[in-house]
Amino acid sequence: RALHDAMDVQSFRFQAGRILDELTARLGNMPVWSAPVARTIAWIRENYGKALSLELAAELCGVSAGRLSKLFIAETGQGFSEFHITWRIDRAKEMLAQPGASIKQVAIQCGYPDPNYFARLFKKETGYTPSTFAAGTQESDHE
C-alpha cells in the first residue's frame, strides 16, 4: 500500500527502502537452518505424537544419523531427542490449558502411552505436574 501511495520516484525509493529494511529486520530474527535440519524440524512438528528417531529422520533427509546429529546440535543448540521432547511438552502445555483437558488423553496425543511416565517427564521439563499446570492455567484465566 505504501508503495502505491508514493507520488514520485524519490518517495517510491524511500518507501521501498523502508519496506526492505523492515523485511530484512524480521528475517534477521528467524533462524536459518540447513535443509536436513529444517526438514527434520518440520517432520518433528508434524509427527510429534508418533515414535520418532534420529535414524528415521536421517533416512528421511538422506544423511547419516551422525551427520544429522552434529548439524542439529550446531544449528539448534539441542539434540534431536531434546528438541522432540521440548516440542511435545510445549504441545502438552497448550492442550492442558484447555478447560476439561484429560491428562491421559494429552499424554497419548503427545506420544506417551504411559500417563505416569508423561507426568514425570512433564514435571522434569516444567517443574509442575500436569494437573498442577492445568489447574494453574485455569485459575489464571479466571483472575
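As shown above, the structure is provided for reference.
To keep things clear, this report deals only with the structure shown in the data block. Please read all numbers here as calculations on a predicted model, not as lab measurements. (Residues numbered from 1 in each chain as written. Predicted model: local features only at pLDDT ≥ 70, side-chain atom pairs only at ≥ 80, totals over all residues. Heavy atoms only, no water.)

1. Digging into the overall build of the protein chain
Next, step 1: If you tally the helices and strands in the protein chain, you get nine helices and zero strands.
Next, step 2: Secondary structure of the protein chain in N-to-C order comes out as α-α-α-α-α-α-α-α-α.
Next, step 3: Here the protein chain holds 143 residues, and the buried ones make up 31% of them.
Next, step 4: When the accessible area of the protein chain is evaluated, it comes to approximately 9,500 Å², of which 56% is carbon and sulfur surface. (Helix = DSSP H or I, 4+ residues; strand = E, 2+ residues; numbered from the N terminus. Buried < 20%, exposed > 50% of the residue type's maximum accessible area, 1.4 Å probe, protein only. Areas by Shrake-Rupley, 256 points an atom, 1.4 Å probe, with all protein chains shown as cover.)

2. Examining the environment of Gln109
Next, step 1: By the secondary structure assignment, Gln109 is in helix α7 (residues 103-109).
Next, step 2: Spatially, the C-alpha atom of Gln109 lies 8.8 Å from that of Tyr48, the residues being 61 residues apart in sequence.

3. Structural notes on the packing of helix α6 (residues 80-96) against helix α8 (residues 115-126)
Next, step 1: Where α6 meets α8, the closest approach of the two axes is 11 Å, and the angle between their N-to-C directions is 100°. Considering their axes alone, α6 and α8 lie roughly perpendicular with respect to each other. Contacts from Ile85, Thr86, Ile89, Ala92, Lys93 and Leu96 of α6 reach α8 at Phe118, Leu121, Phe122, Glu125 and Thr126.
Next, step 2: The residue inventory of the contact of α6 with α8, partitioned by class, reads seven nonpolar, two polar and two charged. (Axes fitted to C-alpha atoms, helices over the stretch in contact; angles between N-to-C directions. Parallel < 35°, antiparallel > 145°, perpendicular 65-115°, else oblique. Contact = heavy atoms within 4.5 Å. Nonpolar A, V, L, I, M, F, W, Y, C, P; charged D, E, K, R; others polar.)

4. Some points on the packing of helix α4 (residues 54-61) against helix α5 (residues 65-76)
Next, step 1: Relative orientation of the contacting elements α4 and α5 amounts to 95°, with a least axis distance of 8 Å. Taken together, α4 and α5 sit at an angle that is classed as roughly perpendicular. Between α4 and α5, the contacting residues are Leu54, Glu55, Ala57 and Ala58 on the first element and Ala65, Leu68 and Ser69 on the second.

5. What about the environment of Val37?
Next, step 1: You can see Val37 is positioned in helix α3 (residues 35-47).
Next, step 2: Using a relative accessible area of 0% as the deciding quantity, one classes Val37 as buried.
Next, step 3: Taking the C-alpha atoms as reference points, Val37 and Leu68, 31 residues apart in sequence, are found 7.1 Å from one another.
Next, step 4: Leaving out residues up to four positions away in the same chain, Val37 has contacts with Leu68, Leu71, Phe72, Glu75 and Thr76.

6. Some details on the pattern of salt bridges
Oppositely charged side chains can form a pair if their charged atoms are brought close together.
Next, step 1: Summed over the entire model, instances satisfying the criterion amount to two salt bridges.
Next, step 2: Its salt-bridge partner being Lys93, residue Asp90 comes within 3.6 Å of it at the nearest N-O pair. With Asp90 and Lys93 both in helix α6 and three residues apart, this pair spans about one turn of that helix.
Next, step 3: Notably, a salt bridge pairs Arg91 with Glu94, separated by 2.8 Å at the nearest N-O pair. (Salt bridge = Lys/Arg side-chain N within 4 Å of Asp/Glu carboxyl O.)

7. Regarding the nonpolar core
Next, step 1: Of all hydrophobic cores here, the largest spans 28 residues; its most connected members are Ile44, Phe80, Val106, Cys110, Phe118 and Phe122.
Next, step 2: If you tally residues by element for this core, the top one is α6, at seven residues.
Next, step 3: Beyond its immediate sequence surroundings of up to four residues, Ile44 is in contact with Leu52, Phe72, Phe80, Phe83, His84 and Trp87. (Core = buried A, V, L, I, M, F, W, Y, C linked by side-chain atoms within 4.5 Å.)

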